[in-house]
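# Observations on the model geometry
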Amino acid sequence: MQNGLPLNLSGPLQAKLHFSLHVIIHALQRYHHIGISFNGGKDSVVMMNLVDCASHILSEWESELELHLGGHNQPLHESLQGTPILPATKRHLTVFHLSETNSFHELDDFIHKFRDKYILRGDSSQHKDSCCNQYDFESFRYEDMMKGKKGTNWDCIILGVRMSDYDDRKEEQQKLSIMCPTTGNWPKMMRIHPILYWSYGDIWEFTRALDLPYCILYKYGYTSIGRTTNTRPNPELKRFPKIDSQNGRDSASKDTKGGTKTYEPAWMLQDESKERSGRGTVSKHNGETNNQPSTKSSPESCEDSTVR
């Protein structure tokens, strides 16, 4: 992933980007032990990139201050407007993945590759000066956290939640904020939502501007990825085959595997309110989803740490 900020983003997204970085830098300065939720979805990839950017910026700031203060660095770690500023050596970041049953093997493969290359730093040469250049990584069941077996030592968790994830839960949506405490059975800590006000289009604009990696399912029409039992390509992106008038054959474009490409990629979705149209109960007969979202309790409905 890249630490450099793209210059070709739209004005509104540039403003959101700088605000998000400010939120993450604030969390890095304030909290000792930070959990970062990573589920392999488009939102969490963007969030991980922002955490990297923020930690890189903070590292540069601290290096400059240390240099100019000539070793008298006590002011660096004093309280600023009531918020303690932690030295880099005091920060401990753990990326965690909540494993699920019935997950897509394409998503599992992407998570493993992303973990090895970016989280565990297979390309660490690009991040030697980052104050957070090494993350711990843990994968466990959602139930383990609810039972207090995991995450109990974290001061906060950073989540790739967006406001639109709650469009069908208005009461919960009204309670969301950039920083808010956990609820329910979650261990007591602060929740940080740096991309809360990003839109679906913002995510893809940023992803494509920085050429960030993403799960291959997005290329084939999936816009929101859940389980294999409740997720299919978004019907809004379905491409109907064109018939060649001369020979009567299907002239639809082909994908790299030689099959007929029937869905546009995720970033082609025009109506962002239809992002989750591919989610719902999957019919066993034809593989299509009905229009009713699944109401079964899952990690996606519990603090939304795995909304993708």
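For the structure, check the block above.
Below is a short write-up of the structure. (Residues numbered from 1 in each chain as written. Predicted model: local features only at pLDDT ≥ 70, side-chain atom pairs only at ≥ 80, totals over all residues. Heavy atoms only, no water.)

Looking now at the overall build of the protein chain. Scanning the protein chain for helices and strands turns up six helices and eight strands. Counting across all 308 residues of the protein chain, residues that qualify as buried make up 47%. A separation threshold of at least 6 residues defines the contact pool for the protein chain, and within that pool the share at least 24 residues apart is 74%. (Helix = DSSP H or I, 4+ residues; strand = E, 2+ residues; numbered from the N terminus. Buried < 20%, exposed > 50% of the residue type's maximum accessible area, 1.4 Å probe, protein only. Contact = heavy atoms within 4.5 Å.)

A few words on unusual backbone geometry. Positioned with a positive phi, N102 is a non-glycine residue whose angle comes to about 60°. Inspection of the secondary structure puts N102 in the loop between β4 (92–99) and α3 (105–119). Residue class for N102 comes out partly exposed when judged on its relative accessible area of 41%.

This next bit is on α3. In this model α3 runs 20 Å from its N-terminal to its C-terminal C-alpha over 15 residues, within 8% of the 21 Å that 1.5 Å per residue would give. Listing the buried residues of α3 in full gives L107, F110, I111, F114, Y118 and I119. Buried residues of α3 fall within an arc of 100° about the axis and therefore sit on the same side. With respect to the buried face of α3, the exposed residues turned more than 90 degrees away are H105 and K113. (Expected span 1.5 Å × (residues − 1). Arc of directions from axis to C-beta.)

On to the pattern of salt bridges. Under the defined criterion, the tally for this structure stands at nine salt bridges. A salt bridge links K42 to E275; its shortest N-O distance comes to 3.0 Å. Linking K42 in helix α2 (residues 42–69) with E275 in the segment after α6 (200–209), this pair joins segments that are 233 residues apart in sequence. When its relative accessible area of 2% is taken as the criterion, K42 is described as buried. Overall, the relative accessible area of 6% leaves E275 in the buried class. Between R162 and E275 there is a salt bridge whose closest N-O contact spans 2.7 Å. Residue R162 is found in the loop between β6 (156–158) and α5 (170–173), and its partner E275 is found in the segment after α6; the two are separated by 113 residues along the sequence. Among the ionic contacts, a cluster of salt bridges with common partners joins K42, D43, R162 and E275. (Salt bridge = Lys/Arg side-chain N within 4 Å of Asp/Glu carboxyl O.)

Once that is clear, we can look at the sheet that holds strand β1 (residues 33–37). On the basis of which strands lie adjacent, the open sheet formed by six strands has the order β5-β4-β1-β6-β8-β7 and mixed pairing. Since the sheet does not close on itself, it has two edges, and those belong to β5 (136–141) and β7 (179–181), each with one partner. Sheet twist, expressed as the mean angle between neighbouring strand axes with direction ignored, is 30°. Bridge count between β1 and β6: three bridges; the pairing is parallel. Counted as the bridge partner of G35 is I157 from β6. (Pairing = 2+ DSSP bridges. Axes fitted to C-alpha atoms, helices over the stretch in contact; angles between N-to-C directions.)

It is worth spelling out the packing of helix α1 (residues 11–30) against α6 at this point. Running from amino to carboxyl end, α1 crosses α6 at an angle of 85°, the nearest separation of the two axes being 11 Å. Relative to α6, the element α1 lies roughly perpendicular. Contact residues: L13, K16 and L17 in α1; D202, E205 and F206 in α6. For the contact of α1 with α6, the class distribution of residues is three nonpolar, no polar and three charged. (Parallel < 35°, antiparallel > 145°, perpendicular 65-115°, else oblique. Nonpolar A, V, L, I, M, F, W, Y, C, P; charged D, E, K, R; others polar.)

Moving on: the packing of aromatic side chains. All chains considered together, the criterion is met by twelve aromatic pairs. These aromatic residues form a ring-pair network of at least three members: F38, F110, F114 and Y118. (Phe/Tyr/Trp six-rings, centres within 6.5 Å; stacked < 30°, edge-to-face > 60°.)

All right, on to the nonpolar core then. The biggest cluster of nonpolar side chains holds 70 residues, and the ones touching the most others in it are I36, F38, L50, W198 and F206. Of all elements in the fold, only α1, β1, α2, β4, α3, α4 (142–146), β6 and α6 reach the threshold of two or more residues within this core. For this core, the leading source of residues is α2, giving ten residues. With residues near it in sequence (within four places) discarded, I36 still touches M47, M48, V51, L93, T94, V95, F96, Y135 and I158. (Core = buried A, V, L, I, M, F, W, Y, C linked by side-chain atoms within 4.5 Å.)

Glancing now at the pairing of β4. Buried residues dominate β4, accounting for six of its eight residues. Sheet topology note: the β1/β4 ladder contains five bridges and is parallel. Along β4, the bridge assignment pairs H33 with H92. Across six bridges, the pairing between β4 and β5 is parallel. Each bridged residue has a counterpart across the sheet, and for V95 the counterpart in β5 is F137.

For the rest of this paragraph, the subject is the environment of A27. Relative to the helices and strands, A27 resides in helix α1. Distance from A27 to I192, taken between C-alpha atoms, is 7.8 Å for residues 165 residues apart in sequence. The contacts of A27, once residues within four sequence positions are left out, are I34 and I192.

Limitation: the analysis is restricted to geometry and does not speak to function.
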